[in-house]
Amino acid sequence: MTSPVALDPELESNAEPVKAEQKLEGRSPGQLMWQRFKRDRTGVICAVVVILYFVISLLAPLLVKLSGTDPYTLYGQDPTYADKPILDQFGLPLGYFGGISGDHWFGVEPQYGRDLFAMLVYGMRTSLFMALGVTVLLMVTGVIIGLIGGYFGGRTDYWIGRVTDFFLSFPQQLFFIAFMPVVTAFFVDPREETPTYFRALAMLIVLWLLGWMGMARLVRSTVLSLREREFVEAAKVSGASPWRIVRKEILPNVVTPILVQFTYQLPSTILTIAFLSFAGVGFVEPTPDWGRLFAAAANYTEQDPAFLFFPGLALVIFVLAFNLLGDSVRDAFDPKSGR
């Protein structure tokens, strides 16, 4: 009989090692959402556009300094600029498309000669950051009221619902127009000019009082469906306090509708602020504002239709980009919603 052949130790050492099993790493909902969002080309482009608008608003003083203009100087009436006429004898811009030139990149305003580029970037600054403050306040108020009403239910939810119905009964657009002069006249002598900061504060109060109800109802309906879930019942059985249950178990599950609603609420608030200025109860002269530009363009449409082009185009692009961004965020959180 032949003896068994012994294995060569060198052959053993040269043998291919067995591949180790790859470890599976769990991913949080936030990581999954971010990966899905990055694959959405439309959402990424819209996010870049929205960020660009806020960057331009932040850098408005620098951009205006680079252009060599400002939004307050009446270049068509200031004797200092008499050697560079920009308006004709009828007060209309000289040159093509509203007076576009190397000195005035977007043209000038008829009758006064103010630089449109400077007015637009400063108007974006006013409208965007005003709308951002109002929207954040609306979201916080709506989330708090919706969480309280949805989680505690009973009489608490009943009375919160009645208060919500009361505020929803006001016709918002008409109430804005009627209430804004009352607010300003209550604190400022009608014979004196209302300070810009007070107008901004009055608009913030009015928009806040009449704008939180939609967010509150959305959060309330979501919380009502969550408070009966197993993980909430388990937290109650373990002795967790209501505050801990709301903060740790319920609030993380309502982040999705909050973010999606935020992306729709911000452009809507910008349009509302522009409407107030357009109606004459928001920002007034000489504060640059998107709505004021549209109000001025309404007077210049027949003589100089080009004055409306750049403000209108900028507003349409921003609102469209933010709405598409909201759709992309919703689809990233819930892929089935886009089917």
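The rules behind the values
Residues numbered from 1 in each chain as written. Predicted model: local features only at pLDDT ≥ 70, side-chain atom pairs only at ≥ 80, totals over all residues. Heavy atoms only, no water. Phe/Tyr/Trp six-rings, centres within 6.5 Å; stacked < 30°, edge-to-face > 60°. Buried < 20%, exposed > 50% of the residue type's maximum accessible area, 1.4 Å probe, protein only. Lys NZ or Arg CZ within 6 Å of the ring centre and 35° of its normal. Axes fitted to C-alpha atoms, helices over the stretch in contact; angles between N-to-C directions. Helix = DSSP H or I, 4+ residues; strand = E, 2+ residues; numbered from the N terminus. Parallel < 35°, antiparallel > 145°, perpendicular 65-115°, else oblique. Left-handed = near helix turned anticlockwise from the far one by under 90°. Contact = heavy atoms within 4.5 Å. Core = buried A, V, L, I, M, F, W, Y, C linked by side-chain atoms within 4.5 Å. Salt bridge = Lys/Arg side-chain N within 4 Å of Asp/Glu carboxyl O.

Draft legend 1. Looking closely at the packing of aromatic side chains. Applying the stated criterion across every chain yields a total of 16 aromatic pairs. Ring centres 5.5 Å apart and planes at 80° place the aromatic pair Phe166 and Phe167 in the edge-to-face group. Classification of Phe166 by relative accessible area gives partly exposed; the value is 47%. Through a chain of ring-to-ring contacts, three or more aromatic side chains come together here, namely Tyr53, Phe54, Phe129, Trp290, Phe318 and Phe322. One Lys or Arg, Arg162, reaches over the ring of Tyr158 and ends 4.8 Å from the middle of that ring.

Draft legend 2. Main features of the packing of helix H3 (residues 41–58) against helix H5 (residues 116–152). Contact geometry of H3 with H5 gives a least axis separation of 8 Å together with a crossing angle of 115°. Our classification of the angle between H3 and H5 gives roughly perpendicular. Classified by chirality, the crossing of H5 by H3 is left-handed. Touching Tyr53, Phe54, Ile56, Ser57 and Leu58 of H3 are Val121, Met124, Arg125, Leu128, Phe129 and Leu132, all from H5.

Draft legend 3. Structural detail: the nonpolar core. Ranked by size, the top nonpolar core spans 52 residues in total, and within it Trp290, Phe318 and Leu325 carry the most contacts. If you tally residues by element for this core, the top one is helix H14 (residues 309–333), at 10 residues. Aside from chain neighbours lying at most four places away, what touches Trp290 is Tyr53, Leu120, Gly123, Met124, Ser127, Leu128, Ile270, Pro311, Ala314, Leu315 and Phe318.

Draft legend 4. Up close: the pattern of salt bridges. Within this structure, the stated rule accounts for nine salt bridges. Where Arg162 meets Asp165, a salt bridge forms, and the shortest distance between an N and an O atom there is 2.9 Å. Within this pair, Arg162 and its partner Asp165 are both found in helix H6 (residues 154–168), separated by three residues, close to a single helical turn. By relative accessible area, which is 36% here, Arg162 ends up partly exposed. A salt bridge links Arg292 to Glu285, with the shortest nitrogen-to-oxygen separation between them at 2.9 Å. Assessed through its relative accessible area of 10%, Arg292 is described here as buried. Each of Glu109, Arg114, Glu285 and Arg292 takes part in one network of salt bridges that share partners.

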